[in-house]
Amino acid sequence: MIRIHLPHNYLGLVAGCLCLGSLAVSCVSDDLGCIEDRPGYVEGNDIWLTFTLKGVPGVGRSASGISRADDSANHPEEEATAAENMINTDDMRLILFDNRQNVIKVLERKDLISFETTTDDKNNSRYEIKARINKAYFDFATTSTGDIKISLMLLANLSSGVTSSSNDLTDALFMKSAQWIAQQKYSFAPVWSADKEWYPDGSTNYIPMSGWAHYTIKSTDLDEATTIENAHNLTGEDSPLLMQRAMAKIRVFDNINKENADAATTITAVRIEGGNTYGAFIPDFSQSGCAEWAKGTTMVETPTIVADWFDSSLEVNARKVGSDEGGDYTDADGNTFTEAFVAYMTEASRNQNVKFIITTYSDNDNPKTKEWELFLSNIMTPVTDITRNHIYEFTVTRSMKAELNVNYTVCPWVSNTINVPTFD
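The rules we used
- Note on numbering: residues in each chain are counted from 1, in written sequence order.
- A pLDDT threshold of at least 70 governs which residues receive local features in this predicted model, and a stricter bar of 80 or more applies before side-chain atom pairs are shown or counted, although totals over entire chains, interfaces and linings include all residues.
- Hydrogens are left out, water is left out, and the side-chain values use all remaining heavy atoms of the structure.
- Under the DSSP-based scheme used, a helix requires at least four consecutive residues in state H or I and a strand at least two consecutive residues in state E, with every element numbered from the N terminus.
- Burial here depends on accessible area, computed with a 1.4 Å probe over protein chains only, as a share of the maximum for the residue type. Under 20% is buried, over 50% is exposed, and the range in between is partly exposed.
- Computed with the Shrake-Rupley method and a 1.4 Å probe, the accessible areas treat only the protein chains shown as cover for residues.
- By convention, a stacked pair of Phe, Tyr or Trp rings (six-membered ring in the case of Trp) has centres within 6.5 Å and planes under 30 degrees apart, an edge-to-face pair has planes over 60 apart, and any other such pair is tilted.
- Counting as a charge over the ring demands two things of the Lys NZ or Arg CZ atom: a distance within 6 Å of the ring centre and an angle within 35 degrees of the ring normal.
- By definition, a salt bridge exists where a carboxyl oxygen of Asp or Glu is found within 4 Å of a side-chain nitrogen of Lys or Arg.
- Strands pair, by our definition, only if DSSP identifies at least two bridges between them.
- Two residue types count as positive, namely Lys and Arg, and two as negative, namely Asp and Glu; His and chain ends fall outside the count.
- In the analysis that follows, any N or O atom pair within 3.5 Å is treated as a polar contact, provided that within protein one partner can donate a hydrogen and the other can accept it, and provided that, for residues neighboring in sequence, both atoms belong to side chains.

1. What about the overall build of the protein?
Reasoning step 1: Secondary structure summary: the protein contains five helices and 26 strands in total.
Reasoning step 2: Within the span of the protein, comprising 424 residues, buried residues form 56% of the whole.
Reasoning step 3: Surface summary for the protein: the accessible area is close to 17400 Å², and the carbon and sulfur share equals 44%.

Put into structure tokens, the structure is as follows:
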């Protein structure tokens, strides 16, 4: 059993049983020593493996706030919304690696034998995939003890509301290493609406995700997994496959009038200017801040980007959301918000000129609209990168000198408030 879930704010996927589908073996290139041409290869000599994905919606929130706890990186955690957790089951790749973490097989949706989705009375969806793979592939993963050591990488939501290079994720990767694949920075680009917005909606737009884990299979267990009835469950409760969102979430709260009841000023719009037009599905775990990802999915603190992805003219508009989409929140000071401005963006470096443009309207004796330009590198203290699967939260107040103050919190997608000094 492969258990897939998002810890703290990894995608909450709980597992049961998948089977890796009946795959026609095909020659990748004459230079690679095709498996189908190897001595002893027998067509139809298949092994069945199984896992089930179960999407778990985010915990509901109320005006009293949500329960929070720090993760291992001392970030506060926060549950995701249901749409942020969803996987498009018709839009994924499964990559199987041998014991040296070289690609054995890339499984596409068409390779899967069957796919079933069931939904309970709380709208929790259970995804069961069934597939099979020729036993000859596992010859590459057999150790000196006779055990089979493999790694499984899942990439999801490859083209659901994004354009991507996922068509390059094919059997042409045969014998390429996992690190080499990560270094290629296979990319996606959100398809922005006419309003310059992008957000997961669970029907058209899904957040790109990836995750992987490593498993050991007894050869005797593999020998018995020759039918769907005897399919081998890859994992137990102690070795889950974790999925991680490849985008960051930006959330802005308007606390101007709560700090100064006479201000009569509200935020009417928030947009991000400057950013990377592309994001990478897989973190480059050869770089500092991502190295632990080589051992399996974990939080990363360094963005996976390419210099020429940056576009200073890119504009992303934040969408105003209510309680049903994560706008309901209570901070450490007891301030309750029923609305927030939310945007989703690809990863970015602290050295890139990403900035907020906050529009306010003052309804007083001299009504006026004003735009405030704030570079993220100036309002995020300590300065940090924008990295995948994190929420970057900003609470805007106003000082007696009529300047905007911004409180900043970062958390992996599931939060506790970090006390960060305000600044003018």
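Next comes the rest of the write-up.
2. Some words on the packing of aromatic side chains
Reasoning step 1: As enumerated under the stated definition, the model contains ten aromatic pairs in all.
Reasoning step 2: Arranged with centres 5.9 Å apart and planes meeting at 45 degrees, the rings of Tyr 278 and Trp 309 form a pair that is tilted. Here Tyr 278, found in the loop between β16 (265–276) and β17 (279–280), pairs with Trp 309, found in the loop between β17 and β18 (310–317); they are 31 residues apart in sequence, far enough to count as distant.
Reasoning step 3: Following the ring pairs from residue to residue traces out a cluster consisting of Phe 97, Trp 212, Phe 285 and Trp 293.
Reasoning step 4: The positively charged end of Lys 176 is found above the aromatic ring belonging to Trp 180, 4.5 Å away from the centroid.

3. Some thoughts on the pattern of salt bridges
Reasoning step 1: Considering all chains together, one arrives at 16 salt bridges under this definition.
Reasoning step 2: Note that Lys 249 and Glu 84 form a salt bridge whose closest N and O atoms lie 2.8 Å from each other. Placement of the pair is Lys 249 in strand β15 (residues 248–254) and Glu 84 in helix α1 (residues 82–85), with a sequence separation of 165 residues.
Reasoning step 3: Exposure remark for Lys 249: the relative accessible area of 1% places this residue in the buried category.
Reasoning step 4: Between Arg 350 and Asp 385 there is a salt bridge, and its shortest N-O distance comes to 3.2 Å. A residue pair is termed long-range when its members are at least 10 positions apart, and Arg 350 in the loop between β22 (340–345) and β23 (355–362) and Asp 385 in the loop between α5 (376–379) and β25 (390–398) qualify at 35 residues.
Reasoning step 5: Judged by relative accessible area, which is 8%, Asp 385 ranks as buried.
Reasoning step 6: Counted as one network, the salt bridges with shared partners bring together Arg 271, Glu 273, Lys 355, Glu 371 and Glu 373.

4. Some details on the sheet that holds strand β9 (residues 162–164)
Reasoning step 1: Taken in spatial order, the three strands line up as β9-β10-β17 in an open sheet, and their pairing is antiparallel. Strands at the two margins of the open sheet, each flanked by one partner only, are β9 and β17.
Reasoning step 2: Pairing geometry for β9 and strand β10 (residues 187–190), over three bridges, is antiparallel. Within β10, the residue paired with Val 162 across the bridge is Pro 190.

5. Side note on the side chain of Arg 245
Reasoning step 1: In this fold, Arg 245 is placed in strand β14 (residues 244–245).
Reasoning step 2: For the buried Arg 245, which has no salt bridge, the nearest side chain bearing the opposite charge is Glu 84, at an N-O separation of 5.1 Å.
Reasoning step 3: Side-chain polar atoms of Arg 245 contact the backbone oxygen of Glu 84, separated by 3.0 Å.
Reasoning step 4: For Arg 245, the side chain forms a polar contact with the side chain of Asn 85, separated by 2.8 Å.

6. What to know about the environment of Val 396
Reasoning step 1: Within the element layout of this structure, Val 396 appears in strand β25.
Reasoning step 2: Judged by relative accessible area, which is 1%, Val 396 ranks as buried.
Reasoning step 3: Along the sequence, Val 396 and Val 406 sit ten residues apart, while their C-alpha atoms lie 4.6 Å from each other.

7. Some thoughts on the pairing of β23
Reasoning step 1: Within β23, seven of the eight residues are buried, which leaves the element mostly enclosed by the surrounding structure.
Reasoning step 2: Pairing between β16 and β23: eight bridges, direction antiparallel. If you follow Ala 269 over to β23, its bridge partner there is Thr 359.
Reasoning step 3: Where β23 lies against strand β24 (residues 368–375), eight bridges are found, and the strand directions are antiparallel. Along β24, the bridge assignment pairs Thr 359 with Glu 371.

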